[in-house]
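One-letter residues, chain by chain:
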Amino acid sequence: MPEIRQILTQGVTAMKIGLLVRIEAKPEYADEVEAALRGAQGLAEQEQGTVTWFAFRQDATTFGVFDTFNDEQGRQAHLEGQIAAALGDIAGTKLSAAPVIAPVDVLGAKVS
């Protein structure tokens, strides 16, 4: 498996756009939402158009995803992919609200 720094260094100059997703779990499903996000990493690694993908937990029930893409085609492929479908599957039962998905422009990035 390539080192994360090498991957980021190669992709950092190309990534121009991204998605910032806020996910609010129902308290009784927070651990299951965390597990789903952890499990989604393998799917993200298979997406050729996704440059970076980060899943995070902000507090007990608030989660998020930040990912970047070289172009709109990569972003749209991700939105139509397996991760988005899985998130849609759990939205009705395990989330307290629909995920908030915001497209963003990447203005700068640093990789050490």
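Cut-offs applied
Residues numbered from 1 in each chain as written. Predicted model: local features only at pLDDT ≥ 70, side-chain atom pairs only at ≥ 80, totals over all residues. Heavy atoms only, no water. Helix = DSSP H or I, 4+ residues; strand = E, 2+ residues; numbered from the N terminus. Buried < 20%, exposed > 50% of the residue type's maximum accessible area, 1.4 Å probe, protein only. Contact = heavy atoms within 4.5 Å. Areas by Shrake-Rupley, 256 points an atom, 1.4 Å probe, with all protein chains shown as cover. Pairing = 2+ DSSP bridges. Axes fitted to C-alpha atoms, helices over the stretch in contact; angles between N-to-C directions. Salt bridge = Lys/Arg side-chain N within 4 Å of Asp/Glu carboxyl O.

Caption draft 1: Structural context of the overall build of the chain. Helix and strand counts for the chain stand at four helices and four strands. Ordered by position in the sequence, the α and β elements of the chain form the string α-β-α-β-β-α-α-β. Burial analysis of the chain (112 residues in total) assigns 33% to the buried set. Long-range pairs, those at least 24 residues apart, make up 74% of the contacts in the chain between residues at least 6 apart in sequence. Carbon and sulfur atoms make up 55% of the accessible area of the chain, which totals about 6,900 Å².

Caption draft 2: The sheet that holds strand β3 (residues 62-69), seen in detail. If you walk across this open sheet you meet the four strands as β2-β3-β1-β4, and the pairing is antiparallel. Across the chains shown, the open sheet's two edge strands, defined by having one partner strand only, are β2 (50-57) and β4 (100-105). Strand-to-strand twist of the sheet, defined as the mean angle between neighbouring strand axes without regard to direction, takes the value 15°. Taken together, the seven bridges between β2 and β3 define a ladder with antiparallel strand orientation. Each bridged residue has a counterpart across the sheet, and for Thr 50 the counterpart in β3 is Phe 69. Each of β1 (17-24), β2 and β3 is contacted by helix α2 (residues 30-46), which is oriented at about 165° to β2, the strand it contacts most.

Caption draft 3: Up close: the pattern of salt bridges. Per the stated rule, a full pass over the model turns up five salt bridges. The residue Arg 22 makes a salt bridge to Glu 24 at a minimum N-O spacing of 3.3 Å. A residue is classified by how much of its surface remains accessible, and Arg 22, at 44% relative accessible area, is partly exposed.

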